[in-house]
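The chain contents come next:
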Amino acid sequence: MSDKVGDLQHDGVEKRDVRPAKTEVPAVTPGQLAPQALGLQRLRTTPRALLALQGTAGNRAVMRLLRRTPAGALVQREGPDAGTPTDATATTDTGTPGAGTGETTTEADRTAVTQATAIIDALAPDPGRVIGAHQIGRVQSRWRGLNDEQKIPMARVFMNAASDVERLYVFKAFASGHTAEELQAFGNDIRGRDGIWRVNNLMLTESTTGTGIRQQFSHSCNITMVEAVRGEADPIYSLEVHRANPNLSEVNPDVPEGTGAQNPELAARQRAGLERTYTGGVGGGTAGVAAPVNQASSGEGRWADDLLNSLESITGSRYRTKKRDADVTLAQIISIVKTNAGSGVPVALVIGTAADNYAHYVLVTRYETREPVRFMIHDPATGRTTSRVENQLANDRLNLTGGAYNFISAVEDPS
Amino acid sequence: MTPDEYLSEQRITLRARKAIVAPAPGATAEILAAIARQNQALQLAGLETQLDPYLLDPVKVECFLAGLARLAPETTAALQGRTLYLNAAGLRLGTATDLTPEILAQGFELEVPLEPPGGTVQPALKAPMDAGRARELALLAQQAAAAFNAEVARLEARLAATGEEDPGYPPLLHALSAAKFRRHAAVTVWHENVARLAKADPQDAALAAETSAAAQALSAYWMPPRTGMP
């Protein structure tokens, strides 16, 4: 068992299968059901018909059908792999997003809205981690709340995505509240990027090498966890953080800020969050104190429920701190994690050296129900995402953060 | 002028970890009581107090507060209205530093950084070094680190021989965690003291080599904080 920072392979990091078609697309395999068998020739692109198709054949069958319609000219043709970037030459100008505000609404615009509505209505959680049930609900809710005029620029962006997977990321960004202009810029940013690039840039945890965002101070696990939560919800934010901090999985343990620092921009964000006045619901909570990693005895942490709740408009979740035993049993905490992480809502756990020791925040990004059933946990201290099984959570043998912490002592409940 | 009077006059709030004490009569006693409580809660079984970088020394803190009134006027001005963080690494008020109450009683100066966001100020203390005490602490800590390292190795070997579902596995895992924290504490104290000695005598090649060895150990035996949220 190694103790070295950044050498926690024994923690069971499972490098993600980054083949886009395997990891990021809806459940039904392309071509699993022949179009003839589904009677596609008779189907029309009405939301009801598409919903019926989605129910039997999945998101991708719906998207394929839409591409066969006359308005399919709006959708770029994809290769056999849904994650493969589309040949850009297939793009037409019709419906190009952001062609100018105040434009006359065209038939293509109306078609784009109809198609986007159909796709959004038919969205289902994908078995990868691009979009979960919670965010799909937010996509659908926000879409329904827009009037037709507001929908047009959004629909243009959605239907201009180069692939189904790119579209899912744009939907995610839409769910987190971005404007049409921001979505358009984002759509351009990700156009034609491969699955590895997307995984490594559009989230802040669980890269293709098992790494992610890392705390830059001894006690900034709280704000780092919050940044990871935001990154899970908002791919535009993730991309910004990656661009500003190319080494976000690294830290200089002696010099977190200024000359010699690995991530000065990230450190500035983290200091601000860590030392922000605490306004959450935990009695006795105070602002933290920033100190270099190698001066941990000088730093102080903080509870993070207020930081999490400041993102409610982005994540759609409101968190409440529940301490083990005082507010909730360990079994109930595990149940909270399963329910929420299973539907795409990340859950922050506080872990420590005992059931009443509140030392460190980690983030459960996923509850993987396919075999092997496991929890994916991002540790801000190491900048690594690792997996744990239920027995390890339930029996106080987490063995996280260099073997320091074994107990779950609290949960930020998003229920 | 008593420390409480000085703090009130300059509107200086004291902070020791989570304990924040506003300037008022009795502030000194209140912060010292909080430190005593924190030290009791933080104490790690099997680790000597003088080798624990997390503990503040209440006697040093008391001497430090008593000396604040003798600071240069510009230093006092820089502290005015702010929160003085007693755990700041640069103050060296912990149990595992060479700073002694006697040195503090002779007077000191503070280097006060520009205010960071949050208003908590972490000054650096300028006072003579007790090289003998630093050398003694470095040696003790180095020896303790070696002993704790052997303890970690023994526990890891036992853990490897125990099945994860064995009822004895969790207690072993917890004991291993505590042993690693002890080792990290000792290595930290070793590094801090030997690095100070090396900085004071940059021509000493042996000290430079020992500092490098201590830094390597600190990296290899890294552990996260023992403190977090209240």
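Use the structure listed above.
Residues numbered from 1 in each chain as written. Chains lettered and ligands numbered in written order. Predicted model: local features only at pLDDT ≥ 70, side-chain atom pairs only at ≥ 80, totals over all residues. Heavy atoms only, no water.

A look at the packing of helix H8 (residues 164–175) of chain A against helix H9 (residues 180–190) of chain A
Residue and element names in this part refer to chain A.
- The N-to-C vectors of H8 and H9 enclose an angle of 150°; their axes lie 10 Å apart at closest approach. With respect to each other, H8 and H9 are oriented roughly antiparallel. Considering the relative orientation of H8 and H9, their crossing is right-handed. Mapping the contact onto sequence places Glu166, Tyr169, Val170, Ala173 and Phe174 in H8 and Leu183, Phe186, Gly187 and Ile190 in H9.
- Of the residues that constitute the contact of H8 with H9, the class distribution is 7 nonpolar, 1 polar and 1 charged. (Axes fitted to C-alpha atoms, helices over the stretch in contact; angles between N-to-C directions. Helix = DSSP H or I, 4+ residues; strand = E, 2+ residues; numbered from the N terminus. Parallel < 35°, antiparallel > 145°, perpendicular 65-115°, else oblique. Left-handed = near helix turned anticlockwise from the far one by under 90°. Contact = heavy atoms within 4.5 Å. Nonpolar A, V, L, I, M, F, W, Y, C, P; charged D, E, K, R; others polar.)

Concerning unusual backbone geometry
All names here are of chain A.
- Glu371 connects to Pro372 through a cis peptide bond whose omega is -5°.
- Secondary-structure assignment places Pro372 in the loop between strand S3 (360–368) and strand S4 (374–379).
- The residue Asp396 is not glycine, and still its phi comes out positive at about 55°.
- Assignment of secondary structure puts Asp396 in the loop between helix H17 (390–394) and strand S6 (407–413).
- You can call Asp396 buried: its relative accessible area is 14%. (Buried < 20%, exposed > 50% of the residue type's maximum accessible area, 1.4 Å probe, protein only.)

Considering the pattern of salt bridges
- Considering all chains together, one arrives at 25 salt bridges over all chains under this definition.
- The salt bridge involving Glu107 of chain A is made with Arg110 of chain A; its shortest N-O contact spans 3.3 Å. Of this pair, Glu107 of chain A and Arg110 of chain A both sit in helix H5 (residues 107–122), 3 residues apart, roughly one helical turn.
- A salt bridge links Arg226 of chain B to Asp52 of chain B; its shortest N-O distance comes to 2.9 Å. One end of the pair, Arg226 of chain B, is in the segment after helix H8 (205–220); the other, Asp52 of chain B, is in the loop between helix H2 (27–42) and helix H3 (58–67), and 174 residues separate them in sequence.
- Since its relative accessible area comes to 11%, Arg226 of chain B is described here as buried. (Salt bridge = Lys/Arg side-chain N within 4 Å of Asp/Glu carboxyl O.)

Some remarks on the side chain of Asp396 of chain A
- Side-chain polar atoms of Asp396 of chain A contact the side chain of Arg324 of chain A, separated by 3.0 Å.
- Excluding anything up to four places from it in sequence, Asp396 of chain A contacts Arg324, Leu330, Asn406, Phe407 and Ile408 of chain A together with His174 of chain B. (Polar contact = N/O pair within 3.5 Å; in protein donor to acceptor, adjacent residues only side chain to side chain.)

Let's talk about the layout of surface pockets
- One number sums up the size of the largest pocket: a volume of about 1,200 Å³.
- Forming the boundary of the largest pocket are 50 residues, of which Gln295 and Ser298 of chain A together with Ala88, Ala89 and Gly90 of chain B lie nearest the centre.
- If you list the elements that add at least two residues to the lining of the largest pocket, you get strand S5 (120–121), strand S6 (124–126) and helix H7 (169–200) of chain B.
- Of the residues contributing to the lining of the largest pocket, the split by class is 27 nonpolar, 12 polar and 11 charged.
- Of the volumes computed, that of the second largest pocket is approximately 640 Å³.
- Lining the second largest pocket are 30 residues, with Asn357 of chain A together with Ala41, Leu42, Arg226 and Thr227 of chain B sitting closest to its centre. (1 Å grid on protein atoms, 1.4 Å probe; cavity = no way out; pocket = protein on both sides within 12 Å on 5 of 7 lines; lining within 4 Å. Points joined across faces, edges and corners; volume = space filled by probe spheres on them.)

Things to note about the packing of H9 of chain A against helix H12 (residues 235–244) of chain A
Residue and element names in this part refer to chain A.
- Orientation of H9 relative to H12, taken along the N-to-C sense of each, is 60°, at an axis distance of 11 Å. Classed by the angle they form, the pair H9 and H12 counts as oblique. At the point where H9 passes H12, the crossing takes the left-handed sense. The residues of H12 that touch H9, namely those facing Glu182, Leu183, Phe186 and Asp189, are Pro235, Ile236, Leu239 and Arg243.

Considerations on empty space enclosed by the protein
All names here are of chain A.
- Enumeration according to the criterion identifies 3 cavities of 30 Å³ or more in this entry.
- Reported here for the largest cavity is a volume of approximately 70 Å³.
- Val157, Asn160, Ala161, Gly187 and Arg191 are the residues nearest the centre of the largest cavity, which is lined by 11 residues in total.
- Those elements that place two or more of their residues in the lining of the largest cavity are H8 and H9.
- Broken down by element, the residue count for the lining of the largest cavity peaks at 4 residues, all from H9.
- Across the lining of the largest cavity, the residue classes break down as 5 nonpolar, 4 polar and 2 charged.

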